[in-house]
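# Descriptive structure summary
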Amino acid sequence: MRLSFTLVLYVLLAACSNQAAPAGSAVPPRDERNAVLGEAGVDVPGSGKFVLVNIPSFELIAFENGNPILRSRVVVGRRATPTPEMTTAIVAVKFNPSWTPTPEMMRREGARFMPPGPRNPLGRVLFELDNDQLIFMHDTNDRSYFDKASRAFSHGCIRVEKARELAAWVLGTARPEIDEAIAAGTTRRLPLAAAIPVRLAYRTRFPDASGRLVDYPDVYGHGALAEAGGDHHDPEKCSGAL
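Below, the structure is looked at part by part. For clarity, every value in this text was computed on a predicted model and none was experimentally measured.

## A few points about the pairing of strand β3 (residues 67-77)
By the criterion of burial, β3 is predominantly enclosed, with 10 of the 11 residues buried. By the bridge criterion, two bridges tie β3 to strand β7 (residues 152-154) in an arrangement that is parallel. Bridge pairing in β7 links V76 to A152.

What follows is the structure in structure tokens.
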């Protein structure tokens, strides 16, 4: 498989959202939109690639040069095993990963090692994040959770609905090449020449695709700090992908 690192934007801007904006609603200019994000306590870089995950809205947004390129639903950690807020970076993409559950998951849930394949809980694509809490983003073999309004079901890691599209954007290639790498069936890790910054944020007031601030449920019970943009640091580590 050839993986070109010359940027090919496969994902159209019209597909940036899981749902179309209401009729008659205009998408605000970049400066206005990013000002609203600033109100929510998130600064979007004006150049380069940047990924934002907002936990209460169960959403990932990929930005390039300050513009949203891709929006995807995500599944985050449940209240007992929350996804932590952090500033990190994507350092590598792995195709057809295997899955090794933690000793705690083996003991409590009877989980076992899973080789790469369609039954693997990590799905077919994994995004390695630079952190010491075992947090990463990944595909999934069970897509039913993306249809739910509230999507706090994982052990702390982040399942991405549009994982293949995100991989194409991260690697600067086209979706068919991602599909080809997956179809090969072999595990392959591709380190990035330059890490892509990632922010995992917890904001209950957060702009939707049209730029309008929306109130989302306080899924972890952080209270007023979640609306004001205060940071929350949780000692829990991601204990697995399910």
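## Points about empty space enclosed by the protein
For the structure on display, the rule yields two cavities of 30 Å³ or more. Empty space within the largest cavity amounts to approximately 60 Å³. As for the largest cavity, its lining consists of R33, L37, I61, F63, P68, R71, F206, P207 and D208. Counting residues per element, the ones that place at least two in the lining of the largest cavity are α1 (30-39), β2 (59-64), β3 and β10 (205-207). Tallied by class, the residues present in the lining of the largest cavity amount to six nonpolar, no polar and three charged.

## Focus on the packing of helix α3 (residues 163-171) against helix α4 (residues 175-183)
Close contact between α3 and α4 brings their axes to 9 Å; oriented N to C, the two are set at 110°. Looking at the two axes, α3 sits roughly perpendicular to α4. Note on packing geometry: the crossing formed by α3 with α4 is right-handed. Here R164, E165, A167, A168 and L171 of α3 come into contact with α4, specifically with R175, I178, D179 and I182. In terms of residue class, the contact of α3 with α4 is made up of five nonpolar, no polar and four charged.

Each value, and the rule that gives it
- Residues numbered from 1 in each chain as written.
- Predicted model: local features only at pLDDT ≥ 70, side-chain atom pairs only at ≥ 80, totals over all residues.
- Heavy atoms only, no water.
- Buried < 20%, exposed > 50% of the residue type's maximum accessible area, 1.4 Å probe, protein only.
- Helix = DSSP H or I, 4+ residues; strand = E, 2+ residues; numbered from the N terminus.
- Pairing = 2+ DSSP bridges.
- 1 Å grid on protein atoms, 1.4 Å probe; cavity = no way out; pocket = protein on both sides within 12 Å on 5 of 7 lines; lining within 4 Å.
- Points joined across faces, edges and corners; volume = space filled by probe spheres on them.
- Nonpolar A, V, L, I, M, F, W, Y, C, P; charged D, E, K, R; others polar.
- Axes fitted to C-alpha atoms, helices over the stretch in contact; angles between N-to-C directions.
- Parallel < 35°, antiparallel > 145°, perpendicular 65-115°, else oblique.
- Left-handed = near helix turned anticlockwise from the far one by under 90°.
- Contact = heavy atoms within 4.5 Å.

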